[in-house]
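Notes for the structure review
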Amino acid sequence: MIISGKELSVKLKREMAAKVAQLKQKYGRAPHLVVILVGDDPGSQSYVRGKAKASEEVGITNTTIYKDAGISQEELLGIIGTLNADPEVDGILVQLPLPEHIDEPTIINAIAKEKDVDGFHPLNVAALWMKTRPCTVACTPQGIIRLLDEAGVELKGKRAVVIGRSQIVGLPVAKLLLDRNATVTICHSRTRDLPAVTRGAEILVVAIGRPKFVTADMVSPGTVVIDVGVNRDPETGKLCGDVDFEAVEPIASLITPVPGGVGPMTITCLMENTIECFIRSMER
Ligand code: NAP
């Protein structure tokens, strides 16, 4: 069985569009998301286009600010400061990665936590780990939990293995799984005998960034496999995940495809975060 993030995101976006129309009536304007893109990386440009398209589908006002790769950190901080102070801006997203001369943590820290639709601000991350209520939770981990819920996967008491310990995927998804009472193991590049660990998984989340890294011998029959990876297959040049889909799909009970799995859910959760930031701002 394939879990289609694409199909679920269509359904969720339709529901959000109805909600946004109501909110517009109630508050006199739509939620407003501002995306800042620095430089001309084709991957980042494509992500930013995807965010603009989803905003349009849902009825969120989207402004994309394009800046040359040579922009100084001070100028970027100045733009963020202006957006933070603008009551008609509800969400701010700086597309990562940034050029090397700009310090990413400084930029993320500068975004008001109430407008941090990516859920990367240290105070939002801290709130997630301290189990106080964060303004926002990172979109990809949130999207993964939504996919598992929609597929009817019970998480309580399950053995979940997460490969990858990044701040944006591995760690927060592990925490969300833990909060849902899964028993979580986090693996990384120094994990010894990784296949032995992954074979013990009932739910396997893979976020490493290596094409088709997880092979059939690493997965036990009946495992639920969530593939977060977005890679180019070195042989075909096509988009592929971190999991060897053809080999693992017959063994897994459920599996997400790449493309069409976790990716669309990330953007959908970004839309949800923007709407939530808008509602909180209006009710403040
Ligand atoms: P990242 O920051 O590069 O982290 C990769 C993690 O994988 C690290 O923790 C690393 O371990 C671990 N790793 C690397 N090689 C490994 C190996 N051979 N065995 C075990 N663990 C290994 O990557 P990320 O930002 O989390 O992204 C991971 C993938 O997800 C990428 O393909 C990215 O494009 C994709 N992604 C997709 C979405 C989406 O919406 N679909 C969103 C975000 C990211 P160490 O910590 O030991 O180095």
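Above this note sits the structure.
All of the points below concern the structure found in this document.

Cut-offs applied
- Residues numbered from 1 in each chain as written.
- Predicted model: local features only at pLDDT ≥ 70, side-chain atom pairs only at ≥ 80, totals over all residues.
- Heavy atoms only, no water.
- Helix = DSSP H or I, 4+ residues; strand = E, 2+ residues; numbered from the N terminus.
- Rg over C-alpha atoms; globule rule 2.2 N^0.38 Å.
- Buried < 20%, exposed > 50% of the residue type's maximum accessible area, 1.4 Å probe, protein only.
- Contact = heavy atoms within 4.5 Å.
- Lys, Arg positive; Asp, Glu negative; His and termini not counted.
- Charge placed at Lys NZ, Arg CZ, Asp CG, Glu CD.
- Near = heavy atom within 4 Å.
- Polar contact = N/O pair within 3.5 Å; in protein donor to acceptor, adjacent residues only side chain to side chain.
- Areas by Shrake-Rupley, 256 points an atom, 1.4 Å probe, with all protein chains shown as cover.
- Pairing = 2+ DSSP bridges.
- Right-handed = clockwise from strand over helix to strand, strands pointing away.
- Phe/Tyr/Trp six-rings, centres within 6.5 Å; stacked < 30°, edge-to-face > 60°.
- Salt bridge = Lys/Arg side-chain N within 4 Å of Asp/Glu carboxyl O.
- Axes fitted to C-alpha atoms, helices over the stretch in contact; angles between N-to-C directions.
- Parallel < 35°, antiparallel > 145°, perpendicular 65-115°, else oblique.
- Nonpolar A, V, L, I, M, F, W, Y, C, P; charged D, E, K, R; others polar.
- Expected span 1.5 Å × (residues − 1).
- Arc of directions from axis to C-beta.

**Points about the overall build of the protein**
Scanning the protein from N- to C-terminus turns up ten helices and ten strands. Taken over the C-alpha trace, the protein has a radius of gyration of 19 Å; the compact-globule value for 284 residues is 19 Å, and the two agree within 12%. Taking all 284 residues of the protein together, the buried fraction comes to 48%. Considering only contacts within the protein whose residues lie at least 6 apart along the sequence, 69% involve residues at least 24 apart. Charged side chains in the protein number 32 positive and 35 negative. The centres of these two groups are separated by 5 Å.

**Focus on the site of the ligand**
Neighbouring the ligand are 21 residues, the closest being Arg165, Ser166, Ser189, Arg210 and Thr266. Residue serine 189 places a side-chain N or O atom 2.5 Å away from an oxygen atom belonging to the ligand. Valine 228 places a polar main-chain atom, nitrogen or oxygen, 3.5 Å from an oxygen atom of the ligand. When isolated, the ligand has an accessible area of 920 Å², and the protein chains bury 72% of it. In terms of residue count, helix α10 (residues 262-283) provides more of the shell around the ligand than any other element does, three residues in total.

**Points about the pairing of strand β2 (residues 61-67)**
Examined bridge by bridge, strand β1 (residues 32-38) and β2 share seven bridges and lie parallel to one another. Looking at the pairing, valine 34 lines up with threonine 63 of β2. Regarding topology, helix α2 (residues 42-58) serves as the crossover connection from β1 to the parallel β2, and that connection is right-handed.

**Quick look at the pairing of strand β7 (residues 224-227)**
The alternating pattern of β7 places Val224 and Ile226 on one face and Val225 and Asp227 on the opposite face, and all of these are buried. Sheet topology places strand β6 (residues 203-206) next to β7; four bridges connect them, and they run parallel. Of the residues in β7, the one forming a bridge with valine 206 is aspartate 227.

**Examining the packing of aromatic side chains**
On inspection of all chains with the given rule, the structure shows one aromatic pair. Taken together, a centroid distance of 5.7 Å and an interplanar angle of 90° make the contact between tyrosine 27 and phenylalanine 278 edge-to-face. Of this pair, tyrosine 27 sits in helix α1 (residues 5-27) while phenylalanine 278 sits in helix α10; the two residues are 251 residues apart in sequence, bridging distant segments of the chain.

**Structural notes on the pattern of salt bridges**
Within the structure shown, the criterion is met by eleven salt bridges. Between glutamate 57 and lysine 13 there is a salt bridge, and its shortest N-O distance comes to 2.8 Å. With glutamate 57 in helix α2 and lysine 13 in helix α1, the pair connects residues that are 44 residues apart, well separated along the chain. For glutamate 57, a relative accessible area of 37% puts it in the partly exposed group. Between arginine 146 and glutamate 272 there is a salt bridge, with its nearest N and O atoms 2.7 Å apart. Of the two residues, arginine 146 sits in helix α6 (residues 139-150) while glutamate 272 sits in helix α10, which places them 126 residues apart along the sequence. Note on arginine 146: relative accessible area 25%, which makes it partly exposed. Overlapping salt bridges, with partners in common, bring together Lys13, Lys53 and Glu57 in one network.

**Some points on the packing of α1 against α2**
At their nearest, the axes of α1 and α2 sit 8 Å apart, and the two run at 60° to each other. Taken together, the axis directions place α1 and α2 in an arrangement best described as oblique. Touching Lys13, Met16, Ala17 and Val20 of α1 are Ala54, Glu57 and Val58, all from α2. In the contact of α1 with α2, the residues fall into five nonpolar, no polar and two charged.

**Remarks on helix α3 (residues 73-85)**
Across its 13 residues, α3 extends 18 Å between first and last C-alpha, which sits within 8% of the 18 Å expected from 1.5 Å per residue. What α3 keeps buried is the set Gln73, Leu76, Ile79, Ile80 and Leu83. Down the axis of α3, the buried set is contained in an arc of 125°. They therefore lie on one face. Along α3, exposed side chains directed more than 90 degrees from the buried face belong to Glu74, Thr82 and Ala85.

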